[in-house]
Amino acid sequence: RQRLLFFRDHFGSRSFCYHLSASACFFASEAKALLWIDEVPDAIDEARLADYLVGDSELVDSTLSCFTAIRRLPPAHVAVIENGALSLRRYWRADAERENRFSSDEEYEEGFREVFRKAVRCRLRGFPQVGSMLSGGLDSGSIVCVAREVLREIGAGPLPVFSALSDDEADSFEAPYAQAVMRMGGLDATVVRPAGLESVLSDFHNLLEMSDDLFDFTMAGIPLVMYGAARRRGIRALLDRVDGDLATSAGPPAIGECVLRGQCSGAWV
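A few points on the structure. (Residues numbered from 1 in each chain as written. Predicted model: local features only at pLDDT ≥ 70, side-chain atom pairs only at ≥ 80, totals over all residues. Heavy atoms only, no water.)

## Regarding the overall build of the chain
Rule in force here: Every helix listed is a DSSP run of H or I at least four residues long, and every strand listed is a run of E at least two residues long, numbered separately from the N terminus. Partly exposed describes any residue whose relative accessible area lies between the buried limit of under 20% and the exposed limit of over 50%, with all areas from a 1.4 Å probe on protein chains only and scaled to the type maximum. Contacts are residue-level and defined by heavy atoms, with any inter-residue pair within 4.5 Å sufficient. With residues, only the protein chains shown are counted as cover, and all accessible areas are computed by Shrake-Rupley using a 1.4 Å probe.
Looking only at helices and strands, the chain has 9 helices and 10 strands in total. Expressed as a percentage of the 269 residues in the chain, the buried residues total 33%. For the chain, long-range pairs separated by at least 24 residues make up 60% of all intrachain contacts whose partners lie at least 6 apart in sequence. Within the structure as shown, the chain displays about 17100 Å² of accessible surface, and the carbon and sulfur contribution to it stands at 54%.

## Examining the packing of aromatic side chains
Definition in use: Stacked, tilted and edge-to-face pairs are distinguished by plane angle, under 30 degrees for stacked and over 60 for edge-to-face with tilted covering the rest, among Phe, Tyr and Trp rings (Trp via its six-membered ring) whose centres lie within 6.5 Å.
If you walk through the whole model with that rule in mind, you get 7 aromatic pairs. The interplanar angle of 40° and the centroid separation of 6.2 Å between the aromatic rings of Phe-6 and Tyr-18 together place this pair among those described as tilted. Residue Phe-6 is found in strand E1 (residues 3-7), and its partner Tyr-18 is found in strand E2 (residues 17-20); the two are separated by 12 residues along the sequence. The pair formed by Phe-6 and Tyr-18 is uniform in burial state, with each residue classed as buried.

## Observations regarding the side chain of Ser-163
Cut-off, in case you're wondering: The term polar contact refers here to a pair of N or O atoms within 3.5 Å; inside protein, the definition further demands a hydrogen-donor-capable atom paired with an acceptor-capable atom, and it admits residues adjacent in sequence only when both atoms are side-chain atoms.
Mapped onto the elements of the fold, Ser-163 is located in strand E8 (residues 159-164). Only 2.6 Å separates the side chain of Ser-163 from the backbone oxygen of Leu-134, close enough to count as a polar contact. Residue contacts for Ser-163: discarding those within four places in its chain leaves Leu-134, Met-182, Thr-190, Val-191, Val-192 and Met-226.

## Quick notes on the pairing of E2
This is how it is decided: Two strands pair if DSSP finds at least two bridges between them.
Of the pairings in the sheet, the one linking E2 to strand E3 (residues 25-28) comprises 4 bridges and is antiparallel in character. Of the residues in E3, the one forming a bridge with Cys-17 is Ala-28. Linking E2 to E3, which pair antiparallel, is a turn of 4 residues.

## Details of the pattern of salt bridges
The condition is simple: Salt bridges, as used here, are contacts in which a Lys or Arg side-chain nitrogen is within 4 Å of a carboxyl oxygen on Asp or Glu.
Within the structure shown, the criterion is met by 7 salt bridges. A salt bridge links Glu-109 to Arg-113; its shortest N-O distance comes to 3.2 Å. Taken as a pair, Glu-109 and Arg-113 lie in helix H3 (residues 105-122) at a separation of 4 residues, close to a single helical turn. On the accessibility criterion, Glu-109 (44% relative accessible area) is partly exposed. One salt bridge connects Arg-117 with Glu-149, and the closest N-O pair in it is separated by 3.5 Å. In this pair, Arg-117 sits in helix H3 while Glu-149 sits in helix H4 (residues 138-153), placing the two residues 32 residues apart along the sequence. Owing to a relative accessible area of 22%, Arg-117 belongs among the partly exposed residues under this scheme.

## Quick look at the packing of H3 against H4
Counted only if it meets this: Orientation is described by axes fitted as lines to C-alpha atoms, over the contacting stretch for helices, and by angles from 0 to 180 degrees between their N-to-C directions. In this scheme, roughly parallel covers angles under 35 degrees and roughly antiparallel covers those over 145, while 65 to 115 is roughly perpendicular and the rest are oblique. By convention, the crossing between two helices is left-handed when the near helix turns anticlockwise from the far helix through less than a right angle, and right-handed when the turn is clockwise. Asp, Glu, Lys and Arg are counted as charged, while Ala, Val, Leu, Ile, Met, Phe, Trp, Tyr, Cys and Pro are counted as nonpolar; the rest, among them Gly, fall into the polar class.
Their axes nearest at 9 Å, the elements H3 and H4 cross at an angle of 70°. Classified by the angle between their axes, H3 and H4 sit roughly perpendicular to one another. The two elements H3 and H4 meet at a crossing, and its hand is right-handed. Touching Phe-116, Arg-117, Val-120 and Arg-121 of H3 are Ser-142, Ile-143, Val-146, Ala-147, Glu-149, Val-150 and Glu-153, all from H4. Grouping the amino acids of the contact of H3 with H4 by side-chain chemistry returns 6 nonpolar, 1 polar and 4 charged.

## Digging into a nonpolar patch on the surface
Filter applied, for reference: Exposure above 30% relative accessible area and the lack of any salt bridge qualify a residue for a patch; like charges then connect within 9 Å, and the nonpolar side chains Val, Leu, Ile, Met, Phe, Trp and Tyr within 5 Å.
On the surface, Ile-44, Leu-49, Tyr-52 and Leu-53 cluster together into a nonpolar patch covering about 380 Å² of accessible area. With respect to the helices and strands, the residue Tyr-52 is situated in helix H2 (residues 46-55).

## Concerning the sheet that holds strand E4 (residues 71-72)
Read from one edge of the open sheet, 3 strands run E3-E2-E4, paired in antiparallel fashion. Because the sheet does not close on itself, it has two edges, and the strands there are E3 and E4.

## Some words on unusual backbone geometry
The residue after Gly-157, namely Pro-158, is reached through a cis peptide bond having omega 0°. Structurally, Pro-158 is set in the loop between H4 and E8. Residue Gln-2 is not a glycine yet carries a positive backbone phi of 55°. Relative to the assigned elements, Gln-2 resides in the segment before E1. The phi torsion at Ala-76 lies on the positive side, around 60°, for a residue other than glycine. With respect to the secondary-structure elements, Ala-76 resides in the loop between E4 and strand E5 (77-82). Judged by its relative accessible area of 0%, Ala-76 is buried.

See below:
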């Protein structure tokens, strides 16, 4: 049919960049790959910079990139290119009307555990071995505990986990919680400390150079170090839990905080 279709995942976990001209369409997972093409100009998009400088939020246009000639496919969208023209269509959105009603707090708790367990179990498949980050937060600790149980049930494991702890753990309020999870067993722990950073600095710099978008918050320092440590262990898939606990517990715009203030629309966003 001479038709080209692009799809991006539901939440935009993976980027998708493209340049469409009168004669061709180029696409890649990162904008820098497209800049190697002579006919793709590298002029900076000032609106994208304004988004970042004003409030670190994508307010102008979710299809913009840092370059005027390169666009991004928004999350949960499909792009169709036909007869030289491009059209966008959203294929999925969260159902704001859907509710799960239970008769007791215990049933709500069990319902959450079932969904959470299913989410972790699905992400443990498809690779020879999957690892996980482990900090002292509720998010990574919960993921690691459930993943360990799932692996134990199928006779697999131990689960490789990666933690970044200070040389003096007394200065880290999360360290005792991470160590408590490690003592539960069923884990193969790799701990990166400041004194041993030399071994992962090359991976850190390589990954940092791969990030070419201002809003790529997953490319923060500690996650990058953990990615490098996992790579050296031969782990190709890592449950990274980046900012998972911030979404529900602490720091604006936390869901729980918005609900307590009666800002339901803010909690949904």
